[in-house]
Amino acid sequence: MKRLYKPIHLLPLLLALCATMASAAQDFDRYFSDATLRIDYTFTGNATEQRINVDELVRLPRWWGKRHRLSEVPVRGNGQITVRDHANGAVIYRNSFGTLFQEWLSYDESKGPSRSFENVFLVPMPKDTADVTVELFDNRQQPMVSLTHTVVPTDILIRHAGEREVTPHKLMQAAADSSRCIHIAYVAEGYQESEMPLFLQDVERCMGALFAHEPFRSMRDRFEVTAVMSPSAESGTSIPRAGVWKQTALHSHFDTFYSDRYLTTLHLKDLHDWLAGIAYEHIIVLVNTEQYGGGGILNSYNLSMAHHEKTLPVVVHEFGHSFGGLADEYAYETEAIPMYPHDVEPWEPNITTRVDFESKWADLMRSHPEQAGLYEGAGYSVKGVYRSSADCRMRTNENPTFCAVCDRALRQLIDFYTAY
């Protein structure tokens, strides 16, 4: 097909693009310093009542997150943190997240006594007084509980961290532009000091697996990867059902919510203490164990076993959760989990209840019907929730690729963070 170019029309577009880039940079420099405000919270409660409490404020030396589209979120998430200028109320930063606390609320255990969960969020350090709001949504995407508190950046009780005694770490991959990239930190869990060479080998293997998948392969130069060598007193991880409890850097364990394959850490403050002073935004924890298990939480962390035959596909799958906000595309044949009400459109881009299918991959079905369809059974429900393909990396460990819908969602997300 012959294309007719009109170069004279490019000048206004280029000027508009430059203006947009300058505006984004000016917004960041106007409101924020090149430092991170780490805010530690405890989420407490049960199925009946929930509460958010501020635990501690921590200042870290640099800011490694987004510097543009500051008030936007690429996916809604199960919760959001919003920073507003105290003087004029303008939204100056927003991010979305998921939490183990909200997942726990979906279990019968939450109908009993209250529990508390640590949560840590990173925002750019405000130059002036700011109001921070944390809000959690229920499975109908309605506000469940929120807290607004004021941060004064000159507060002498904001703890400084990462300025000395930084955890040993190694740059594994440099981005083409370190000021405009996505920073991933691999963190060692259950590796003793003598096992750090093994940890670095494990990071290399997992990096290779991640960047063998599209769209990460073709967009690899937009990622910077660091290995963080956090030592444990003992090798491995805790297995409560076997009565095994290990002294490890992150106190991780299987049997989360009594599920034998659910491997997590509840000690998020420890996790971020190990990372203080290191360039990081997205976290992949490798656990020195041969047992199958893992978990991924949006904009919190991805945690996976390091030495099982399924390690590589699991690390990639869990990164789809923690980085991409992608939903699980499998369903339980014997027991459906009602996580997604069938009269509400899920916020995750790769599943649908068909309540608002036009916002999902309806366009892809029209333009490339060979790439996307509607397959019932996803989001832990056999009926009423749909995926776009027969199989996908978000459905099984055996499928070698992300489906077209997941691929597109991941590309859009990478562009959101890096293309401006």
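None of these values were measured; they are calculated from a predicted model.

Chemist: It is not clear to me how the overall build of the chain should be interpreted in this structure. Could you clarify?
Modeler: Within the chain one finds 7 helices and 16 strands. The C-alpha atoms of the chain give 22 Å as radius of gyration, which agrees with the globular expectation for 420 residues (22 Å, within 12%). Overall size of the chain, expressed as C-alpha extent along the three principal axes, is 70 × 55 × 45 Å. Long-range contacts, defined as pairs at least 24 residues apart, comprise 65% of the intrachain contacts of the chain with a sequence gap of at least 6. Accessible area of the chain: about 19,100 Å², with a carbon and sulfur share of 51%. For the chain, the separation between the mean place of its 40 positive charges and that of its 54 negative charges on side chains is 6 Å.

Chemist: Explain helix α7 (residues 404–418) to me, please; I cannot follow it from the model alone.
Modeler: Residues that lie three or four places apart on an α-helix share one face, since the helix turns once every 3.6 residues. An ideal rise of 1.5 Å per residue puts 21 Å on 15 residues; α7 measures up with 21 Å between its terminal C-alpha atoms. Restricting attention to buried positions, one finds in α7 the residues Val405, Cys406, Asp407, Ala409, Leu410, Leu413, Ile414, Phe416, Tyr417 and Thr418. Where α7 is buried, its residues touch β4 (91–97), β10 (182–189), β11 (223–228), β12 (282–287) and α6 (362–367).

Chemist: Looking at this model, I keep getting lost on the pattern of salt bridges. Mind explaining?
Modeler: One side chain can pair with another of opposite charge once the charged atoms of both are near each other. Here the structure, examined in full by the defined rule, presents 22 salt bridges. The salt bridge involving arginine 38 is made with aspartate 273; its shortest N-O contact spans 2.8 Å. Here aspartate 273 lies in helix α4 (residues 268–275) and arginine 38 lies in strand β1 (residues 32–45), a separation of 235 residues in the sequence. By relative accessible area, arginine 38 is classed as buried at 0%. For aspartate 273, a relative accessible area of 34% corresponds to the partly exposed category. Here glutamate 398 ties to lysine 310 by a salt bridge, and the two come within 2.8 Å at their closest N and O atoms.

Chemist: Teacher, can you tell me more about the sheet that holds strand β2 (residues 50–60) here?
Modeler: Either a parallel or an antiparallel arrangement is found when strands of a sheet pair, and the pairing is made through backbone hydrogen bonds. The mixed open sheet is built from 4 strands, whose spatial order is β5-β1-β2-β8. Looking along the sheet, the strands with just one partner apiece sit at the ends: β5 (115–126) and β8 (159–160). When β1 meets β2, the two strands line up antiparallel, connected through 10 bridges. The residue bridging threonine 44 from the neighbouring strand is arginine 51, located in β2. Across the sheet, α4 touches β1, β2, β5 and β8, and the angle it forms with β5 is around 35 degrees.

Chemist: Is there a simple way to explain the sheet that holds strand β3 (residues 79–85) in this structure?
Modeler: The strand order across the open sheet formed by 4 strands is β4-β3-β6-β7, and the pairing between neighbours is antiparallel. The open sheet terminates on both sides in strands that have one partner only, identified here as β4 and β7 (143–151). Strand-to-strand, the axes of this sheet are offset by a mean angle of 15 degrees, without reference to chain direction. The pairing of strand β6 (residues 130–137) with β7 spans 8 bridges and is antiparallel. The residue of β7 that forms the bridge with glutamate 135 is serine 146.

Rules and cut-offs
Per chain, residues are indexed from 1 in the order of the written sequence. Only residues with pLDDT of at least 70 are given local features in this predicted model, and only at 80 or more are side-chain atom pairs given and counted; all residues enter the totals for whole chains, interfaces and linings. The side-chain numbers reported here are obtained from all heavy atoms of the structure, hydrogens and water having been left aside. A helix here means a DSSP run of H or I that spans at least four residues, while a strand means a run of E at least two residues long, and both kinds are numbered starting from the N terminus. For the radius of gyration, the atom set is restricted to C-alpha positions; the globular benchmark scales as 2.2 Å times the number of residues to the power 0.38. Residue contacts are defined here by distance: any two heavy atoms, one from each residue, within 4.5 Å place the two residues in contact. Surface accessibility follows the Shrake-Rupley procedure with a 1.4 Å probe radius. Residue values consider only the protein chains on display as shielding. In this count, Lys and Arg are taken as positive residues and Asp and Glu as negative ones, while His and the chain termini are left out. A charged residue contributes its charge at one atom only: NZ of Lys, CZ of Arg, CG of Asp or CD of Glu. An expected span of 1.5 Å times one less than the residue number is assigned to each helix. Between buried and exposed lies partly exposed: a residue is buried under 20% and exposed over 50% of the maximum accessible area for its type, with that area taken using a 1.4 Å probe on protein chains only. Definition used for salt bridges: Asp or Glu carboxyl oxygen within 4 Å of a side-chain nitrogen of Lys or Arg. Any two strands between which DSSP finds at least two bridges are classified as paired. In this description, a line fitted to the C-alpha atoms serves as the axis of each element, helices being fitted only across the stretch in contact, and the angle between N-to-C directions of two axes falls anywhere from 0 to 180 degrees.

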